[in-house]
Amino acid sequence: MDCRRLITGIVVGFTAFFSMLAGGIWLSLLILGASFYLAKEYTEILKHKGFLPSFKIIVISNILFATAAYLAKPEYVLFIVTLSSLMALLSVLFKGKQPYIANVATTVFGFIYCGWFPLHLILLRHIGNTSPSSFIPYPEGANYCLVILFSVLLTDTFCYFTGIKFGKHKLAPVISPNKTIEGSIGGALFGIISAVIVGIMLCIPWYHAMILGLIISASAQLGDLCESMIKRDAGVKDSSNILPGHGGFLDRLDSYILTIPIVYYYALYIINFKGWF
């Protein structure tokens, strides 16, 4: 195994783990920093297609989203989306370059994909009350964050190893030729098992932990395929080489980008639903 890959994985993993436990400004800075590099890599990838999404507007939007999430004010999101979309449109109108429509559209998609989706992790961390009976006495939201962390890790790992060992049938041959149905099933199985084990340790009811595992393993693989689709369309292999042995932030975090908001809404509207009145 590449030592650089191992060291980078350990550093990134422990940084994410302790930021999720600490919450507050530490988690906000972590996600905001990650979203900065996601935006940077995203805009560079799109340049290979001849599109010019605005990196500045995406970053400004991400800061606004992070502020709303940190303050636990998701109701500000509609205003931020409207403001950011207007900024994207006007920037192209007054000093943009061709293709105008594509540049506006990729800027809007950029601040949603690279900013608002992953920044749901901050909102997720706010959910619920502290559980004194939990193995780790932190708010319920921290428990859901940790389930995501471990379940995605196991899903990705066993998709790879199961695919190498048993893979025969291609999952998405056009988008990602190396992924197999057997690898996908193996990754999902271990993702669900890890979610149940971690969930029970954190006092999440086993049935919710199992459903979370299913949601996480499915959305993690879809997120991976979505990022592969973007790179393949642009003719790019890796999003960057900033993480030694791992490629770029998009390469490492693609499985989390779709997973985080889906888990947030499941936790908010299913696990912690208080009723309409």
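The present account deals with the structure reproduced in this document.

About the cut-offs
Residues numbered from 1 in each chain as written. Predicted model: local features only at pLDDT ≥ 70, side-chain atom pairs only at ≥ 80, totals over all residues. Heavy atoms only, no water. Axes fitted to C-alpha atoms, helices over the stretch in contact; angles between N-to-C directions. Helix = DSSP H or I, 4+ residues; strand = E, 2+ residues; numbered from the N terminus. Left-handed = near helix turned anticlockwise from the far one by under 90°. Nonpolar A, V, L, I, M, F, W, Y, C, P; charged D, E, K, R; others polar. Buried < 20%, exposed > 50% of the residue type's maximum accessible area, 1.4 Å probe, protein only. Contact = heavy atoms within 4.5 Å. Patch = residues over 30% accessible without salt bridge, like charges linked within 9 Å, V, L, I, M, F, W, Y side chains within 5 Å. Areas by Shrake-Rupley, 256 points an atom, 1.4 Å probe, with all protein chains shown as cover. Salt bridge = Lys/Arg side-chain N within 4 Å of Asp/Glu carboxyl O. Parallel < 35°, antiparallel > 145°, perpendicular 65-115°, else oblique.

This part covers the packing of helix H9 (residues 206-234) against helix H10 (residues 249-271). Between H9 and H10, the least distance of the axes is 7 Å, while the angle of their chain directions is 140 degrees. In this structure, H9 meets H10 at a crossing whose hand is right-handed. Looking at the contact of H9 with H10, its residues break down into 14 nonpolar, five polar and five charged.

This next bit is on unusual backbone geometry. In the segment running from Gln98 into Pro99, the intervening peptide bond is cis, with an omega of 0 degrees. With respect to the helices, strands and loops of the structure, Pro99 is situated in the loop between helix H4 (77-95) and helix H5 (100-116). If you check the backbone angles, Ala72 has positive phi at about 55 degrees while not being a glycine. Relative to the assigned elements, Ala72 resides in the loop between helix H3 (55-70) and H4.

The next point concerns the environment of Phe158. Tracing the chain through its elements places Phe158 in helix H7 (residues 140-166). By relative accessible area, which is 24% here, Phe158 ends up partly exposed. Between the C-alpha atom of Phe158 and that of Ser184, which follows or precedes it by 26 residues, the distance is 8.3 Å. Discounting chain neighbours no more than four positions away, the residues touching Phe158 are Gly163, Gly183, Gly186, Gly187 and Phe190.

Let's shift gears to a nonpolar patch on the surface. A surface patch of nonpolar side chains, about 650 Å² in accessible area, is lined by Ile25, Trp26, Leu29, Tyr70, Leu71 and Tyr76. Here Leu29 is to be found in helix H2 (residues 24-47).

Moving on: the packing of H7 against helix H8 (residues 181-201). Contact geometry of H7 with H8 gives a least axis separation of 7 Å together with a crossing angle of 150 degrees. Accordingly, the angle class assigned to the pair H7 and H8 is roughly antiparallel. In this structure, H7 meets H8 at a crossing whose hand is right-handed. In contact with Val147, Phe150, Ser151, Leu154, Thr155, Phe158, Cys159, Thr162, Gly163 and Phe166 of H7, H8 contributes Glu182, Gly183, Ser184, Gly186, Gly187, Phe190, Gly191, Ser194, Ala195, Val198 and Gly199. Partitioning the contact of H7 with H8 into residue classes produces nine nonpolar, eleven polar and one charged.

Note that all results are geometric; they support no functional claim without further evidence.
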